[in-house]
Amino acid sequence: MADNTIHGRRNAIINGGFTCSQRNGSALTATANNAYCLDRWKIYLNGSCAISTQQLFSSDANVTALNTASGETFNNILSIDCTTASSLGSTDMLGVIQIIEGYTSVPLAGQTCTLSFWVKSNITGQYYVALKLGSGRSYITGYTITSANTWEKKTITFVNDTASNLNTHGSIANSGGLQVYFGLRLGTSSQQTNTLNAWQNGNFYGKSDQVTWGTNTSDTFYMGGIQLEKNSQATPFEHLTYGEELELCQRYYQRTNVGYYAGNASGTTKIGVGIPLSKSMRSSPSSISGVSVHRSGNQTVSATFDGILLSTNNSIMYVRFNGFSSMTDETPQTVYLSSHMLLDSEM
């Protein structure tokens, strides 16, 4: 397909260029199991190996090297560093995953798709990508890093699983659909399979010959330019503006603005407030953190949440704060949020 015939957003991966990092910015951050590093990218980690992750910018030599190798201009990459080394244990696992929402997964179902990405590591050898629908369906495919500390582009073309299986094992709505997992180490035999390049029942992440990254604290792993598209071949990476990418990410994670919000007293200890969101969220936030609340009259509390609801179009969050005192029911109140509320609606 000629590049000039491609129209619209074609990359099903959000933040595949690693431009958005709302949680940690560009700080080198110790990253635990099930923690998000850069937006939309989560770490799976089990065992004694420990890692730190970081968003690197174009001033970093690794990004400069990617731009030289690719002939493109990337501004960011994902860096994974080993901070505690260990040999491979029988239950070890390490990888980075993006869970694509069901709505986005539906157009890919049953279609020929191509996953392309740039990768660099000091550990050469056999690696695996796991494409998954929940824990019930898996497609395992391999790639090889042939040269140490050298950017290499990998392209994987596959036929996606059916819409019926997506509905049964994943989601065709706003829950988790297709999962894309890049493995770095895998010691759990029950999650290994010898069946490659075919969809199968089961919860698999790789094969037994997966390299064991993380046996030395000098081990590094870098990724950039990840793209998944409905196509039989890889097309050039789809560079979005920072604002466009951020809006896509804010469906799953965002920070509220610091400032004053109008509300009403609910009883003598609670205040209900409507807070406009930067972007409509996937669903009501499963967790909210980072809150310090002041009420009219300069009453400061470490408020708890008595209720959280989203408006019909998910663009306004209704929160009822609990922990105030001496209020009259149904009277107007003003609250001041002196810190950002961190809203998490990831899958």
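Engineer: Where do I start with the nonpolar core in this structure?
Structural biologist: Looking at soluble globular proteins, one finds that nonpolar side chains tend to be buried together. Ranked by internal contacts, the top residues of the largest apolar core, which has 43 residues, are L115, F117, F182, W213, F221 and L228. In terms of nonpolar packing, the next biggest core, distinct from the first, is built from 21 residues, I275, I288, V293 and M327 among them.

Engineer: Help me understand the packing of aromatic side chains, please; the structure alone is not making it clear to me.
Structural biologist: The geometry of an aromatic ring pair is captured by two quantities: the separation of the ring centres and the angle between the planes. Taken as a whole and assessed by the stated rule, the structure comprises 15 aromatic pairs. Seen from their ring centres, F18 and W41 are 5.5 Å apart, and the 40° between their planes marks the pair as tilted. Residue F18 is located in the segment before β1 (29–31), and its partner W41 is located in the loop between β1 and β2 (42–46); the two are separated by 23 residues in the primary sequence. Among the residues examined, W41 registers a relative accessible area of 0% and is labelled buried. Here Y260 and Y336 contribute two aromatic rings whose centre-to-centre distance is 4.6 Å and whose plane-to-plane angle is 45°, an arrangement assigned as tilted. Residue Y260 is located in strand β14 (residues 259–266), and its partner Y336 is located in strand β21 (residues 332–337); the two are separated by 76 residues in the primary sequence. A relative accessible area of 64% places Y260 in the exposed class. Members of the aromatic cluster, connected to one another through ring pairs, are F18, W41, F117, Y127, Y143, F182 and F221. Positioned over the ring face of Y205 is K132, at 4.4 Å from the centre of the ring.

Engineer: Hey, could you run me through the pairing of strand β7 (residues 125–133) in this one?
Structural biologist: Regular strands show a simple pattern: their side chains alternate between the two faces of the sheet. Judged by how many residues are buried, β7 sits mostly within the fold: 8 of 9 residues are covered. Pairing geometry for β7 and strand β8 (residues 137–145), over 9 bridges, is antiparallel. The partner of V129 across the bridge, within β8, is T141. Pairing analysis gives 5 bridges linking β7 to strand β10 (residues 176–186), with the strands arranged antiparallel. The residue of β10 that forms the bridge with L131 is V180.

Conventions we followed
- Every chain is numbered on its own, with residues counted from 1 as its sequence reads.
- Only residues with pLDDT of at least 70 are given local features in this predicted model, and only at 80 or more are side-chain atom pairs given and counted; all residues enter the totals for whole chains, interfaces and linings.
- Excluding hydrogens and water, the side-chain values take into account all heavy atoms of the structure.
- As used here, the term nonpolar core means buried Ala, Val, Leu, Ile, Met, Phe, Trp, Tyr and Cys residues forming a set that is joined through side-chain atoms within 4.5 Å.
- Here's how the labels work: a residue is buried when its accessible area is under 20% of the maximum for its type, exposed when over 50%, partly exposed in between, all with a 1.4 Å probe on protein chains only.
- In this analysis, rings of Phe, Tyr and Trp, with Trp reduced to its six-membered ring, are considered paired at centre separations within 6.5 Å, and the interplanar angle assigns stacked below 30 degrees, edge-to-face beyond 60, and tilted for intermediate values.
- A run of H or I in DSSP counts as a helix once it spans at least four residues, and a run of E counts as a strand once it spans at least two, with each numbered from the N terminus.
- In our convention, an over-ring charge means Lys NZ or Arg CZ found within 6 Å of a ring centre and within 35 degrees of that ring's normal.
- In this analysis, strands are considered paired if DSSP registers two or more bridges between them.

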